[in-house]
Amino acid sequence: MKKILLAQCLATAALLTSCSLDLEPLDKLADQNYYNNRKELEVFTNGFYADFPTAENLYSETADIIIPTTLLPEVLGTRSVPQSGGGWGWKQLANINSFLKDCSRCGDEAARKEYEGVARFFRAYFYYNKVKRFGEVPWFSDVLSSTDDRLYSPRAPRNELMSNIIADLDYAIDNLPTAKNLYRVTKWAALALKSRVCLYEGTWRKYHGVSGYESYLAAAASAAETLMDSRQYTIYAAGEQPYRDLFAADKAKTEEVILARNYFSGLSIVHSANLYFLGGGSAPGLNKKVVDSYLLKDGSRFTDQADYDKMQFYEEMQNRDPRLAQTIVTPGYKRIGQTTVTPVSFAAATTGYQIIKWVSTTASDGYNKSQNDIPLFRLSEVMLNFAEAKAELGTLTQADLDKSVKLIRDRVGMPNIDLATANANPDPYLEAAETGYPNVTGANKGVILEIRRERTIELLAEGLRYDDLMRWKAGKTFEQQFKGMVIPKLDDTKHFVVCDLNGNGVNDAEDVCIYEGDIDNIKANAEVAGIKQFLKLGVNLHVANGANGGNIIVHDIANNQRKWNEDRDYLYPIPQDQITIYGGVIKQNPGW
């Protein structure tokens, strides 16, 4: 039976919520009667886990690779300065700092250090998210009253913030348990977070022109390598479709998953992944540029083939990295536990590339029916953090790739990255302004691009893509056209075309008919008798060249001009009420 940690976390979070940094809420447990033993420390710190993202926050990510029917303001370029809110909140920090002040009462030194490690892990996590969002923010490490002048401190310098974050993480690494625990933070979760934080900061500084990136990248690689070399975790590779099963599993795979968010229908702790990806209204489809970035099964580049961009669905799905068929619906796809083929549902995918990562058994179909755990940290990400950090430093070796990317690719039988070959022949597709990362330069450009390819494919729909684009200074990608699969030209006389999605040469229930005109006239044609899906051109489906065919076009930039401001949009605006409350001590972020 699944753990009840999440329920405890939510209940404790509700109990401990405060409105300011005072942290003396009316329902606060009396100090003299609490923090006296291990159990009381555990119960209090359970509330900190509510700070982790929910399943919906992660699997419903949208940036440039997953395209739903409604785009976020960040992607559209329509953000504005909020009057209040906007992510500028300190309640969780108040709880953390209160705990760190009062837990000294506990006479059990081992318990106190362990749970101080928990608190400092979450304080580092809290500030990491603040720095990502706003850049420099005030640093608070004490419990402050509502009349304390320090409550209105100016922003701390970025160097100071990051130094404090790393100090908290190092304390957590030294004092958290070494025993693996799927649902509680451990030494290994702290190392994973440190690798993520330091990689973010190092690459942010490198690509945004801020000095000091080298030390952060070295720290990221060191933290990741420490975890890797501990051999506490391995890449999950059991079964015929291990990548698919890693995310569809009811209970997270402890071989690879370092920390997960627990879901269990028996306690009504559930989410809606199946509904979201199978037709819940958002219709999140994979962007064509990502589909094209998956390698061929032999490790060669799909985009090196002649006319790769004109291939129709069946042809382009052949002999690809097996993760593609374990991430989206491909010809012959069968749901877990099912024996019949399930075709692409265009109602569930804006681009025609329907995502099935996170989709579990049919028992989990419907609103709030899914109960598969959601990994928060897993070994694959740590390995990619390691490889990327060393590549960006220029210290990556083939042996480094062999102990990181190779093991990830071994899961599905894909060849490893060859360092010398990658750097000698960088992929022009990944260099291009429209489809790749044109700001990557230097002798290691080729392998950096390959690691970004690997990261995009391996960590897709895990809530990391937007942050990756921000640290790589790649926000301009939002201005590019989002595309879907290629639709052939309509027959000039019949005014329709059947897309043979399974390649069998027969019009059947796995195919789709794209048409113009009256649907009754189209369905009267005997050629479409077996078709179940009909999409009217210009109404249900927009195609680049209309009746002459081309890529499905989603959120046409001709009608919806997305704009990204390079001098402004990598940080969020500070709410106006905070500018006012701080009396001008805190200035608005540039450009806002």
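Every chain begins its residue count from 1, and numbering advances along the sequence as written. Only residues with pLDDT of at least 70 get local features here, since the model is predicted, and only at 80 or more are side-chain atom pairs given and counted; chain-wide, interface and lining totals rely on the full set of residues. The side-chain numbers reported here are obtained from all heavy atoms of the structure, hydrogens and water having been left aside.

A.B. asks: Outline the nonpolar core, listing residues and values.
C.D. replies: Generally speaking, soluble globular proteins have nonpolar side chains that are buried together. We call a set of buried residues a nonpolar core when its members are Ala, Val, Leu, Ile, Met, Phe, Trp, Tyr or Cys and they connect through side-chain atoms within 4.5 Å of each other. Exposed residues in this analysis have more than 50% of their type's maximum accessible area, buried residues have under 20%, and partly exposed residues fall in between, with area computed by a 1.4 Å probe over protein chains only. With 174 residues, the main nonpolar core has Phe52, Phe121, Tyr127, Val185, Leu286 and Ile514 as its most contacted residues. Counting residues per element, this core draws most heavily on helix α6 (residues 109-134), which supplies 13 residues. Helix numbering and strand numbering both begin at the N terminus, where a helix is a DSSP run of H or I of at least 4 residues and a strand a DSSP run of E of at least 2.

A.B. asks: I'd like a description of the side chain of serine 404, backed by residues and values.
C.D. replies: Structurally, serine 404 is set in the loop between α16 (398-402) and α17 (405-410). Any pair of residues with heavy atoms lying within 4.5 Å of one another is described as a contacting pair. Among all residues touching serine 404, those that are not within four sequence positions of it are Met228, Met383, Phe386 and Ala387.

A.B. asks: So what's going on with the packing of aromatic side chains? Which residues, and what values?
C.D. replies: The aromatic pairing rule takes the rings of Phe, Tyr and Trp, using the six-membered ring of Trp, and pairs them if the centres are within 6.5 Å, calling planes under 30 degrees apart stacked, those over 60 edge-to-face and the rest tilted. Counted under the stated rule, the structure contains 36 aromatic pairs. Here tyrosine 276 and phenylalanine 277 contribute two aromatic rings whose centre-to-centre distance is 5.0 Å and whose plane-to-plane angle is 80°, an arrangement assigned as edge-to-face. Given a relative accessible area of 0%, phenylalanine 277 falls into the buried group. With 5.1 Å between their ring centres and 75° between their planes, tryptophan 564 and tyrosine 570 make a pair best called edge-to-face. Neither tryptophan 564 nor tyrosine 570 differs from the other in exposure class; each is buried. A ring is considered to have a charge above it if a Lys NZ or an Arg CZ atom is located within 6 Å of its centre and within 35 degrees of its normal. Between the NZ or CZ atom of arginine 79 and the centre of the ring of tyrosine 572, over which it lies, the distance is 4.5 Å.

A.B. asks: So what's going on with the packing of helix α2 (residues 38-46) against α6? Which residues, and what values?
C.D. replies: For the pair α2 and α6, interaxial distance at closest approach is 9 Å and the crossing angle is 5°. It follows that α2 is roughly parallel to α6 by the angle criterion. Two secondary-structure elements touch here, α2 through Arg38, Leu41, Glu42 and Thr45 and α6 through Ala110, Ala111, Arg112, Glu114, Tyr115 and Val118. Classes in brief: Ala, Val, Leu, Ile, Met, Phe, Trp, Tyr, Cys and Pro nonpolar; Asp, Glu, Lys and Arg charged; the others, Gly included, polar. Partitioning the contact of α2 with α6 into residue classes produces 5 nonpolar, 1 polar and 4 charged. Comment: axis = line fitted to C-alpha atoms, over the contacting stretch for helices; angle = value between 0 and 180 degrees taken between N-to-C directions. Relative orientations are named as follows: roughly parallel for angles under 35 degrees, roughly antiparallel for angles over 145 degrees, roughly perpendicular for angles from 65 to 115 degrees, and oblique for any other angle.

A.B. asks: Can you explain helix α7 (residues 158-175)? Please cite residues and give values.
C.D. replies: Helix span, as expected, comes to 1.5 Å for every residue beyond the first. Between its first and last C-alpha, α7 extends 26 Å over 18 residues, near the 26 Å set by a 1.5 Å rise per residue. Buried within α7 are the following residues: Arg158, Leu161, Met162, Ile165, Ile166, Asp168, Leu169, Tyr171, Ala172 and Ile173. Elements in contact with the buried residues of α7: α6, α8 (187-208) and α9 (213-230).

A.B. asks: I'd like to hear about the environment of lysine 476, residue by residue, with values.
C.D. replies: Counting through the fold element by element, lysine 476 comes out in the loop between α21 (465-471) and β5 (482-487). When residues no more than four places from it in sequence are discounted, the contact partners of lysine 476 are Trp564, Glu566 and Tyr570. Separated by 3.3 Å, the side chain of lysine 476 and the backbone oxygen of tryptophan 564 make a polar contact. Contacts described as polar in this section are N or O atom pairs within 3.5 Å, which, within protein, must combine one atom able to donate a hydrogen with one able to accept it, while residues neighboring in sequence count only if both atoms come from side chains.

A.B. asks: Describe the pattern of salt bridges, listing the residues and the values that go with them.
C.D. replies: Salt bridge, as used here, is a side-chain nitrogen of Lys or Arg placed within 4 Å of a carboxyl oxygen of Asp or Glu. Evaluation of the coordinates by the stated rule reveals 52 salt bridges. Between lysine 489 and aspartate 492 there is a salt bridge, and its shortest N-O distance comes to 2.6 Å. By relative accessible area, which is 39% here, lysine 489 ends up partly exposed. With a relative accessible area of 58%, aspartate 492 lands in the exposed category. Here the residues in one salt-bridge network are Glu256, Asp321, Arg323, Lys357, Arg378, Arg409, Arg411, Glu454, Glu458 and Glu462, joined through shared partners.

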